[in-house]
Amino acid sequence: MSEGKLTGIIIAAHGRHYLADVDGAKLQCVTRGKKTNVAVGDIVHLTRTSNDQAVIDRIEERKTLLYRSDQYKSKLLAANLTQLFIVVATEPGFADDLISRSLVAADAAGIEARIILNKTDVTASLDRARERLLPYSSMGYPVDEVSARAEPEHAVATLAPLLAGQSSILIGQSGMGKSSLINLLVPDADIAVREISAALDTGKHTTTFTRLYKLDELGANSSIIDSPGFQEFGLYHLSEGMLERAFREFQPYLGGCKFYNCRHLIEPQCAILQALSEGKIAKMRHTLYGQLLHESAQTLY
Ligand SMILES: Nc1nc2c(ncn2[C@@H]2O[C@H](COP(=O)(O)OP(=O)(O)OP(=O)(O)O)[C@@H](O)[C@H]2O)c(=O)[nH]1
Ligand SMILES: [Zn+2]
C-alpha cells in the first residue's frame, strides 16, 4: 500500500462531512467532487491529507444498505448492517406504522430485525404492550423485554449476546429509551458524541446525526449504530415486487393468485386477500402494504 493510503470505517456523517475510524484514530473525511453517497458503516479507502483529515477515494462494496426515502430522494441510513433493533416501550405508546415500516425496510435490505420492549417496570401498560407485539412475534420477529432504568444489568445481559459479532442499528420513536439503552451498552457514548460533534463541527447542541460505536469488548466486528429518533420512515424506493416480498407473512401465499401480476388490493381470486379474510394476515399490515404501494408509485426520482 502506498504512503498515505488508509482503510477505515465511517462512524458518523453530517451533511457532506464524515468521520472515519482508522485503527482507533478519527479522521475527518470529505468525498471527491460533490458525492454524498457515503453511509455510516461504510468501509472506505482513504488518502490522508493532513494529520486528522482525509479524502475518501473509494467505498468498499456493501453487504447491505438500509435506506429511507420520500417522494423526492432516498437517504442512506447505514451500510453493512447485519441486524436492526426496533426499540418500543410500554409507554409512551408506540406506532405500529413505524414498527412495520422498519421491519419491511430490514427485510427488503436483507437485515435481521428484532424488537426490544423497554420499560417493563411500567407494569400498568405491560400486558397491553405485549399484546400489541404478538402479531410481530408470530411473524417470526423476536421480541426481547428489558428495563433500562429498573434492571440495567439484566438489559445488558440480554442485549450483549445479541450484539456480539454483529453490526447493529437501534431505531425507535422519541421517548422509547433508545438513548438510555445506548448509554448502558456504550458507557462512554456521551463523550464519544461530543468528540464526534466537535470533529464534524456540527454545532454545539447537535446530537442528531447517525453514529457508530465499536463494541470491541464483545468481539471483533461488533458495533452498534445509534440513529436520531424519527417519526417518518418513508419507503418510496421499494418497488412493488420488493414490497410483496418484504411483508414476510405474505410469502406462503405469493404465487397463489389468479393473476400473475396481482397487486393484492382488489383483484379477484387473490391469495393474499383470501388469507386476509381468514385472519392469517393482519389487517393493519395489509393496509400498510397498500399505503406503501401507493408511495412507491409517487416516486419522482
Ligand atoms: N420507567 C422507565 N423509564 C425509562 C426506561 N428507560 C428510559 N426511561 C425514560 O424514558 C425517557 C426517554 O428515554 P431516552 O433514553 O431519552 O429515550 P430516547 O428513545 O432516546 O428518546 P429521544 O432522546 O427523544 O430520542 C427518559 O425520561 C428515561 O429516563 C425504563 O426502563 N423505565
Ligand atoms: Zn393477489
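Note that the structure is predicted; figures quoted are calculated from it, not measured. (Residues numbered from 1 in each chain as written. Chains lettered and ligands numbered in written order. Predicted model: local features only at pLDDT ≥ 70, side-chain atom pairs only at ≥ 80, totals over all residues.)

Regarding the overall build of the protein chain
Then, number 1: In terms of regular secondary structure, the protein chain is built from eight helices and 13 strands.
Then, number 2: When its C-alpha atoms are laid out on the principal axes, the protein chain stretches across 65 × 45 × 30 Å.
Then, number 3: Classification of the 301 residues of the protein chain by burial places 37% in the buried group.
Then, number 4: Expressed as a percentage of contacts within the protein chain between residues at least 6 apart in sequence, the contacts between residues at least 24 apart total 66%. (Helix = DSSP H or I, 4+ residues; strand = E, 2+ residues; numbered from the N terminus. Buried ≥ 20, exposed ≤ 12 C-beta atoms within 10 Å, placed from the backbone. Contact = placed C-beta atoms within 7 Å.)

Concerning the nonpolar core
Then, number 1: In this structure, I10, A20, V40, A78, L84, I86 and V88 are the most contacted members of the largest nonpolar core, which totals 80 residues.
Then, number 2: The residues contacting V40, other than those within four sequence positions of it, are I10, I11, A12, A13, A78, T210, R211, L212 and I225. (Core = buried A, V, L, I, M, F, W, Y, C linked by C-beta atoms within 7 Å.)

Details of the pairing of strand β6 (residues 65–69)
Then, number 1: When β6 meets strand β7 (residues 74–79), the two strands line up antiparallel, connected through five bridges. The residue of β7 that forms the bridge with Y67 is L76.
Then, number 2: The turn linking β6 back onto β7 is made up of four residues. (Pairing = 2+ DSSP bridges.)

Here we look at the domain arrangement of the protein chain
Then, number 1: If you check the domain split of the protein chain, you get domain 1 (5–59), domain 2 (65–226) and domain 3 (240–297).
Then, number 2: For domain 2 and domain 3, the distance between their C-alpha centroids amounts to 28 Å.
Then, number 3: In this complex, domain 2 contributes nine residues to the contact, which on the side of domain 3 involves 10 residues.
Then, number 4: Examining the composition of the side of domain 2 that touches domain 3, we find that six residues originate from one element, helix α1 (residues 96–109), more than from any other. (Domains from an automatic or database assignment.)

Examining helix α4 (residues 178–185)
Then, number 1: All of the buried residues along α4 are K178, S179, L181, I182 and L185. Mapping the buried residues of α4 onto a view down its axis gives an arc of 160°, with all of them on the same face.
Then, number 2: For α4, the elements touching its buried residues are β8 (83–89), β9 (112–118), α3 (152–163), β11 (167–172), α5 (189–200) and β13 (223–226). (Arc of directions from axis to C-beta.)

With respect to the pairing of strand β2 (residues 17–22)
Then, number 1: Judged from the five bridges that link them, strand β1 (residues 5–14) and β2 form a sheet pairing that is antiparallel. Note on β2: the bridge partner recorded for A12 is L19.
Then, number 2: Between the end of β1 and the start of β2, which pair antiparallel, lie two residues, with G15 showing a positive phi angle near 60°.

A few points about the confidence of the model for the protein chain
Then, number 1: Of the residues in the protein chain, 96% reach a pLDDT of 70 or more, and the chain-wide mean stands at 92.
Then, number 2: Two summary scores accompany this predicted model of the complex, namely pTM at 0.93 and ipTM at 0.97. (pLDDT = per-residue confidence, 0-100.)

Here's the deal with the environment of D96
Then, number 1: Looking at the secondary structure, you find D96 in helix α1.
Then, number 2: Residue D96 is classed as partly exposed on the basis of its C-beta count, with 18 C-beta atoms lying within 10 Å.
Then, number 3: Separated by 59 residues in sequence, D96 and A155 place their C-alpha atoms 23 Å apart.

A closer look at helix α2 (residues 126–138)
Then, number 1: Counted at 1.5 Å a residue, the expected span for α2 with its 13 residues is 18 Å, and the 18 Å between its end C-alpha atoms agrees.
Then, number 2: Maximal helix bending in α2 amounts to about 35°, located at R132; proline P135 follows within four positions.
Then, number 3: Looking one or two residues past α2, G140 carries a phi angle of roughly 105°, positive in sign. (Expected span 1.5 Å × (residues − 1). Bend = angle between axes of the 7 residues up to and from the residue.)

A look at the packing of α1 against helix α8 (residues 283–297)
Two numbers describe a pair of packed helices, the interaxial angle and the distance between the axes.
Then, number 1: Across the interface, α1 lies against α8 with an axial gap of 11 Å and an inter-helix angle of 70°. Compared by their axis directions, α1 and α8 come out roughly perpendicular. Of the two possible hands of crossing, α1 and α8 adopt the one that is right-handed. Along the contact surface, α1 presents D96, D97, S100 and V104, while α8 presents M284, R285, L288 and L292. (Axes fitted to C-alpha atoms, helices over the stretch in contact; angles between N-to-C directions. Parallel < 35°, antiparallel > 145°, perpendicular 65-115°, else oblique. Left-handed = near helix turned anticlockwise from the far one by under 90°.)

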